[in-house]
Amino acid sequence: MTYNIIIGRTESDRKKFGEKGTILIGRSYVKMGQTTTLSNYVYMDVIKSHVVLIVGKRGSGKSYSSSVITEGIIDLPDEISNNLSVIMLDTMGVFWTMKYPNEKDTGLLEQWGLKAKGLERIKIFTPIGMYEYSKSIGIPTDAPFSIKASELSGEDWRLAFELSSSHPVSILIDKILGDLADLRKEEFNVDDIINLIQKDNTFSNETKNEAINRFKASKGWGLFSNEGTKIEVLINRGAVSVLDMSAYATSSGGWGIKALVVGLISKKIFVERMLSRKLDEIESIRTGYSYFKIKEEVSEDKKPLIWFILDEAHELLPAIGKTAATDALVTILREGRQPGISLLLITQQPGKIHSDVLTQSDIVLAHRLTAKIDVEAFNSMMQSYLGDTLTSYLNILPADPGAAIVLDDNSERLYPIQVRPKVSWHGGESPTAIKFERSKNLGL
Ligand SMILES: Nc1ncnc2c1ncn2[C@@H]1O[C@H](COP(=O)(O)OP(=O)(O)O)[C@@H](O)[C@H]1O
Ligand SMILES: [Mg+2]
């Protein structure tokens, strides 16, 4: 029997939990002479908090690998998956296809002993203003998603509007929000803000009009409602919530809006999990510490551990500059282990992502990279414990999509692997006129 590799799990946890609470992500490659074959199965721990970084050039398998991880979490035995929840921000509108079985890869799945299957425990959320439209064009969305204008800080607004802090409109926004606070108005909407701007007599008409135009435009984002979606609605036990933000893919300022939503969600899940963490502690004192005992005891107000998945993460958490998501994501990166929040960040440009991502990630899945700056960002990260360059490892990888190097900071080891095929349908494939059979011989 070949030895299974488990990444993200310490030796002592391996003794304690065995392979429980791990998911299959692929098989390691071994090179013998001229041939490369698949060898040991590679599993990943998902019951402890991790920061996972997936990098690679376009089409190398990043989104695919992130949904392999999502599938794995949802597919765990109920007693474990019920204590986990996945929230995915879908910037390209491709993850809803996970509702359907991966029938285009049946041959490949067979080689891995897997069967095509659509995910059942998946809920698609669409911004409230696009909800009916999305349904009308056949996207199987389940629920509208909205935020309250009163939840946004002055900084949130100006970052979403992509304004500097010294811009007159930014100063006006701070003043108006201050007025609302003085009025002790906790609930207000965009129209209330516009009304107050109109009444203001301390700013020039030019600044006021510019601000009013921006707030009017923000109503067109289709994101605000007086109620706002409660965070509890997004945190579902043993299930994945996909937030389809693809409507903003082409609009100018699209990333400002997406960062705003990610920032708000991140803050809320952090607060929720901090509260739940206290309940976890009380429980573990009572029952003796074990992740697998939690099942019978979950109280309604306790939230599951969260896996938060963000594609194109360098746009939300850039190396240079700040977005409305920066502060909240950096807090999760640095302190998320305590409250049990895992982050899975995907980027094709590790050279452009916030340096905390590189220093905080404990599991890295590196698909092929090409741009020099990205290879360099990566090499410098690896040298901290490997003393070798990434390029030499990447060179032994076959060119197939889904081939990757996994770096596991927990064991300080590195493995070349092939990520397993997905059981659910993968969206966002580049259109091709030729249908071809992908179940090539992988030496299985
Ligand atoms: N592990 C894998 N096994 C088989 N095919 C894969 C695998 N990973 C990626 N692919 C193929 O490569 C394509 C591109 O992958 P994708 O994850 O969408 O790329 P990107 O890195 O741009 O996010 C997929 O549509 C799929 O056909
Ligand atoms: Mg992708």
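Along each chain, residues carry numbers from 1 onward, in the same order as the chain's sequence is written. Each chain takes a letter, starting from A, and each ligand takes a number, starting from 1, following the order in which they are written. Totals for whole chains, interfaces and linings use every residue, but because this is a predicted model, local features are given only for residues with pLDDT of at least 70 and side-chain atom pairs only at 80 or more, for both listing and counting.

What is the right way to look at the packing of helix H7 (residues 168-182) against helix H8 (residues 190-199) in this model?
Two quantities define a packed helix pair, namely the angle between the axes and the distance from one axis to the other. Where H7 contacts H8, the two axes come as close as 10 Å, and the packing angle between them is 105°. As far as their axial angle goes, H8 and H7 are roughly perpendicular. Where H7 approaches H8, its residues Leu 172, Ile 176, Asp 179 and Leu 180 are matched on the opposing element by Ile 193, Leu 196 and Ile 197. Asp, Glu, Lys and Arg are counted as charged, while Ala, Val, Leu, Ile, Met, Phe, Trp, Tyr, Cys and Pro are counted as nonpolar; the rest, among them Gly, fall into the polar class. Split into classes, the residues belonging to the contact of H7 with H8 amount to six nonpolar, no polar and one charged. To define axes, lines are fitted to C-alpha atoms, for helices over the stretch in contact only, and angles between the resulting N-to-C directions are given on a 0 to 180 degree scale. Secondary structure counts use DSSP, requiring at least four H or I residues in a row for a helix and at least two E residues in a row for a strand, with both numbered from the N terminus. An angle below 35 degrees is read as roughly parallel, one above 145 as roughly antiparallel, one from 65 to 115 as roughly perpendicular, and any other as oblique. What counts as a contact here is a pair of residues whose C-beta atoms, placed from the backbone, lie within 7 Å.

Could you clarify how one ought to interpret the nonpolar core in this entry?
Nonpolar side chains in soluble globular proteins generally cluster together in the buried interior. A set of buried Ala, Val, Leu, Ile, Met, Phe, Trp, Tyr and Cys residues, joined to one another through C-beta atoms within 7 Å, is what we call a nonpolar core. Exposure classes come from backbone-placed C-beta atoms, where a residue is buried if 20 or more other C-beta atoms lie within 10 Å of its own, exposed if 12 or fewer do, and partly exposed in between. Met 88, Val 242, Phe 308, Leu 310 and Val 406 are the most contacted members of the largest nonpolar core, which totals 116 residues. Considering every element that reaches this core, the biggest residue donor is helix H11 (residues 254-287), with ten residues. Here this core gathers at least three residues from each of two domains, domain 1 (5-141 + 229-365 + 375-404 + 412-419) and domain 2 (150-219). The domain limits used here are those given by an automatic or database domain assignment.

What is the right way to read helix H9 (residues 205-219) from this model?
Residue pairs spaced three or four apart in an α-helix point in one direction, given the helix's 3.6 residues per turn. One less than the number of residues in a helix, times 1.5 Å, gives the span that helix is expected to have. Over its 15 residues, H9 extends 21 Å from the first C-alpha to the last, a length consistent with the 21 Å expected when each residue adds 1.5 Å. Those residues of H9 that fall on the buried side of the exposure criterion are Lys 208, Ala 211, Arg 214 and Ser 218. Looking down the long axis of H9, one finds its buried residues gathered within 130° of arc, a one-sided arrangement. The exposed set on the far side of H9, more than 90 degrees from its buried face, consists of Asn 205, Glu 206, Asn 213, Lys 216 and Ala 217. Buried positions along H9 lie against H7 and H8. Each direction from the helix axis to a C-beta atom contributes to the arc, which is the arc of those directions.

When you look at the site of ligand 1 in this model, what are you seeing that I'm missing?
Taken together, 15 residues form the shell around ligand 1, and within it Gly 61, Ser 63, Tyr 64, Pro 401 and Gly 402 come nearest. The biggest single contributor to the shell around ligand 1 is helix H2 (residues 62-74), with three residues. Classifying every residue of the shell around ligand 1 gives four nonpolar, eight polar and three charged. The C-beta atom of each residue is placed using the backbone, and any residue whose C-beta lies within 6 Å of a molecule or strand is treated as near it.

Could you clarify how one ought to interpret H2 in this entry?
In this model H2 runs 19 Å from its N-terminal to its C-terminal C-alpha over 13 residues, within 8% of the 18 Å that 1.5 Å per residue would give. The buried count for H2 comes to twelve of 13 residues, which makes it a mostly enclosed element. For H2, the set of buried residues is Lys 62, Ser 63, Tyr 64, Ser 65, Ser 66, Ser 67, Val 68, Ile 69, Thr 70, Glu 71, Ile 73 and Ile 74.

Looking at this structure, I do not really get the pairing of strand E8 (residues 240-244). What am I missing?
Sheet faces and side chains relate simply in a regular strand, where the side chains alternate between the two faces. The buried fraction of E8 is high, at five of five residues. Covered by surrounding structure in E8 are Val 240, Val 242 and Asp 244 together with Ser 241 and Leu 243, the residues of both alternating faces. Paired strands, in this sense, are two strands between which DSSP finds at least two bridges. Relative to E8, strand E5 (residues 84-90) runs parallel, the two sharing five bridges. Bridging from a neighbouring strand, Asp 90 pairs with Asp 244 of E8. In this structure, strand E6 (residues 122-127) lies alongside E8, joined through four bridges in parallel fashion. Following the sheet pairing, Ile 122 is matched in E8 by Val 240.

What is shown is where atoms sit, not what they do.
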